[in-house]
Amino acid sequence: MLEALMRQEELLAYIDSEEEKKFWFLGATKMSSPSKRREMDVMKLMMSDYIVDTPNDRLNEISVEFHGPKESAYEGGVWKVRVELPEAYPYKSPSIGFVNKIFHPNVDELSGSVCLDVINQSWSPMFDLLNIFEVFLPQLLLYPNPSDPLNGDAASLMMKDKKEYEEKVKEYCERYAKNNGKSAAEEDESGEEDISDGNYSSSDDEIPGHADL
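Residues numbered from 1 in each chain as written. Predicted model: local features only at pLDDT ≥ 70, side-chain atom pairs only at ≥ 80, totals over all residues. Heavy atoms only, no water.

**Observations concerning the packing of aromatic side chains**
Line of reasoning, step 1. Applying the stated criterion to the full structure yields eleven aromatic pairs.
Line of reasoning, step 2. With centroids separated by 5.1 Å and ring planes inclined at 45°, the aromatic side chains of Phe-103 and Tyr-172 adopt a geometry described as tilted. With a gap of 69 residues between them, Phe-103 in the loop between strand 4 (95-98) and helix 4 (117-120) and Tyr-172 in helix 7 (residues 162-176) connect regions that are remote in the sequence.
Line of reasoning, step 3. By relative accessible area, which is 4% here, Phe-103 ends up buried.
Line of reasoning, step 4. Judged by centre distance (5.4 Å) and plane angle (55°), the ring pair of Tyr-172 and Tyr-176 falls under tilted. One end of the pair is Tyr-172 and the other is Tyr-176, both in helix 7 and four residues apart, which spans about a single turn.
Line of reasoning, step 5. An aromatic cluster is defined as three or more aromatic residues linked by ring pairs; in this entry it consists of Tyr-50, Phe-66, Tyr-74, Trp-79, Phe-98 and Phe-133. (Phe/Tyr/Trp six-rings, centres within 6.5 Å; stacked < 30°, edge-to-face > 60°. Helix = DSSP H or I, 4+ residues; strand = E, 2+ residues; numbered from the N terminus. Buried < 20%, exposed > 50% of the residue type's maximum accessible area, 1.4 Å probe, protein only.)

**Description of the side chain of Arg-37**
Line of reasoning, step 1. Secondary-structure assignment places Arg-37 in helix 3 (residues 34-47).
Line of reasoning, step 2. Side-chain polar atoms of Arg-37 contact the backbone oxygen of Phe-127, separated by 2.7 Å. (Polar contact = N/O pair within 3.5 Å; in protein donor to acceptor, adjacent residues only side chain to side chain.)

**Here's the deal with the nonpolar core**
Line of reasoning, step 1. Among the nonpolar cores identified, the biggest contains 42 residues, and Leu-45, Val-83, Phe-98, Leu-129, Ile-132 and Phe-133 are the most heavily contacted of them.
Line of reasoning, step 2. Listed by contribution, the elements that provide at least two residues to this core are helix 3, strand 2 (61-67), strand 3 (78-84), strand 4, helix 4, helix 5 (129-142), helix 6 (152-160) and helix 7.
Line of reasoning, step 3. A per-element tally of this core places helix 5 first, with eight residues.
Line of reasoning, step 4. Setting aside residues no more than four positions away along its own chain, Leu-129 makes contact with Asp-41, Val-42, Leu-45, Ile-62, Val-83, Leu-85 and Tyr-89. (Core = buried A, V, L, I, M, F, W, Y, C linked by side-chain atoms within 4.5 Å. Contact = heavy atoms within 4.5 Å.)

**Some thoughts on helix 7**
Given 3.6 residues per helical turn, the α-helix brings residues three or four places apart onto the same face.
Line of reasoning, step 1. Here helix 7 spans 21 Å end to end across 15 residues, near enough to the 21 Å set by a 1.5 Å rise per residue.
Line of reasoning, step 2. When helix 7 is considered as a whole, its buried residues turn out to be Tyr-165, Val-169, Tyr-172, Cys-173 and Tyr-176. Buried residues of helix 7, viewed axially, fall in a sector of 105°; they line one side. Away from its buried face by more than 90 degrees, helix 7 exposes Lys-163 and Glu-174.
Line of reasoning, step 3. Buried residues along helix 7 sit against strand 3 and helix 6.
Line of reasoning, step 4. Sitting at the head of helix 7, Asp-161 places a side-chain oxygen 3.2 Å from the backbone nitrogen of Lys-163. (Expected span 1.5 Å × (residues − 1). Arc of directions from axis to C-beta.)

**Regarding helix 5**
Line of reasoning, step 1. With 14 residues, helix 5 should reach 20 Å at 1.5 Å per residue; the first-to-last C-alpha distance of 19 Å fits that figure.
Line of reasoning, step 2. Taking the largest bend as the criterion, helix 5 deviates by roughly 30°, centred on Phe-136, and proline Pro-138 comes between one and four positions later.
Line of reasoning, step 3. Lining the buried residues of helix 5 we find helix 3, strand 2, strand 3, strand 4 and helix 4.
Line of reasoning, step 4. Where helix 5 starts, the residue carrying a side-chain oxygen 3.1 Å from the main-chain nitrogen of Leu-130 turns out to be Asp-128. (Bend = angle between axes of the 7 residues up to and from the residue.)

Spelled out as structure tokens, the structure:
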């Protein structure tokens, strides 16, 4: 019991406002620990037909398959989104990043990190992972904010020539987001691995022990 109380004190140290602390105490009566909330939120994603990869049992890091919203330049694209959940989640916001490349003013092209106010500044324990993938990320792709960019080239192009910007977005989708979330480089690597492992067939394959006549 003492160990559990000490653990709660450590988590409360991460919580800045009295309002968030109130959420903590209200939530503590319904679930034994933030790890239970992580489990519940990940389960909700899975039950909503999202493909979720969970590399460890603690669920502090997951990856989710995210499809571009319909009727947008991103439609048809499939991205792997990395989600890192802090120990104090949901009282501290998750860290979100695109693994395969996307051309967007508010997404860093190299790291994939996302500039999104609702995650970075105004996160609330009332939000969950389903909100991120069903509301926040689709809204980000539908309504980019070029005035606060992480990708200056994308922001500049969007403000200068919207049509050319959308063509660039579609080009990136075709190149990086149409092979189950794998980039062209990753596809080449997997192909080379298959060949090196001997996992290929040829009409000229020789039968062991039989020489050509």
